Amino acid sequence: MTALPASVDRDILDHRIIFALNAIREASGCTIHEAIDVFAARYEELRRNHPDDFSVGPEEYGRGFYS
């Protein structure tokens, strides 16, 4: 997997899901489905290692986003 730009982590932490997915796709050239998988893995890692850095709690995070 291609290294992700730092903006991906900032977008994930700031609840900018679409921006993070676009950055993942641009960096790796993957499909949207693959980008969602990468996003989910990175989200879980950030949530585990940096829970206080998120702008919203886990119960609110994906609300309103349908993939």
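So, a few notes on the structure that sits alongside this text. This structure is a prediction, so every number in the text was calculated from the model and none was measured.

1. What to know about the overall build of the protein
Looking only at helices and strands, one finds 4 helices and 0 strands in the protein. Each helix and strand of the protein, placed in order from N terminus to C terminus, yields the pattern α-α-α-α. The 67 residues of the protein split such that 31% are buried. Considering only intrachain contacts with a sequence separation of at least 6, the fraction spanning at least 24 residues in the protein is 46%. Within the structure as shown, the protein displays about 4,400 Å² of accessible surface, and the carbon and sulfur contribution to it stands at 51%.

2. Points about the packing of aromatic side chains
On inspection of all chains with the given rule, the structure shows 5 aromatic pairs. On the numbers, 5.9 Å between centres and 80° between planes, the contact of Phe 54 with Tyr 61 is edge-to-face. The exposure class assigned to Phe 54 is buried, which follows from its relative accessible area of 9%. Cluster of aromatic residues (ring-pair linked, three or more members): Phe 39, Tyr 43, Phe 54 and Tyr 61. The ring of Phe 54 is capped by Arg 47, whose NZ or CZ atom sits 3.7 Å from the centre of that ring.

3. Details of the packing of helix H1 (residues 6–13) against helix H3 (residues 32–49)
To describe two helices that pack against each other, one gives the angle between their axes and the distance between the axes. At their nearest, the axes of H1 and H3 sit 10 Å apart, and the two run at 70° to each other. Viewed along their axes, H1 and H3 adopt a mutual orientation that is roughly perpendicular. Listed contacts from H3 to Asp 9, Ile 12 and Leu 13 of H1 are Phe 39, Arg 42, Tyr 43 and Leu 46. Here the residues of the contact of H1 with H3 sort into 5 nonpolar, no polar and 2 charged.

Calculation notes
Residues numbered from 1 in each chain as written. Predicted model: local features only at pLDDT ≥ 70, side-chain atom pairs only at ≥ 80, totals over all residues. Heavy atoms only, no water. Helix = DSSP H or I, 4+ residues; strand = E, 2+ residues; numbered from the N terminus. Buried < 20%, exposed > 50% of the residue type's maximum accessible area, 1.4 Å probe, protein only. Contact = heavy atoms within 4.5 Å. Areas by Shrake-Rupley, 256 points an atom, 1.4 Å probe, with all protein chains shown as cover. Phe/Tyr/Trp six-rings, centres within 6.5 Å; stacked < 30°, edge-to-face > 60°. Lys NZ or Arg CZ within 6 Å of the ring centre and 35° of its normal. Axes fitted to C-alpha atoms, helices over the stretch in contact; angles between N-to-C directions. Parallel < 35°, antiparallel > 145°, perpendicular 65-115°, else oblique. Nonpolar A, V, L, I, M, F, W, Y, C, P; charged D, E, K, R; others polar.

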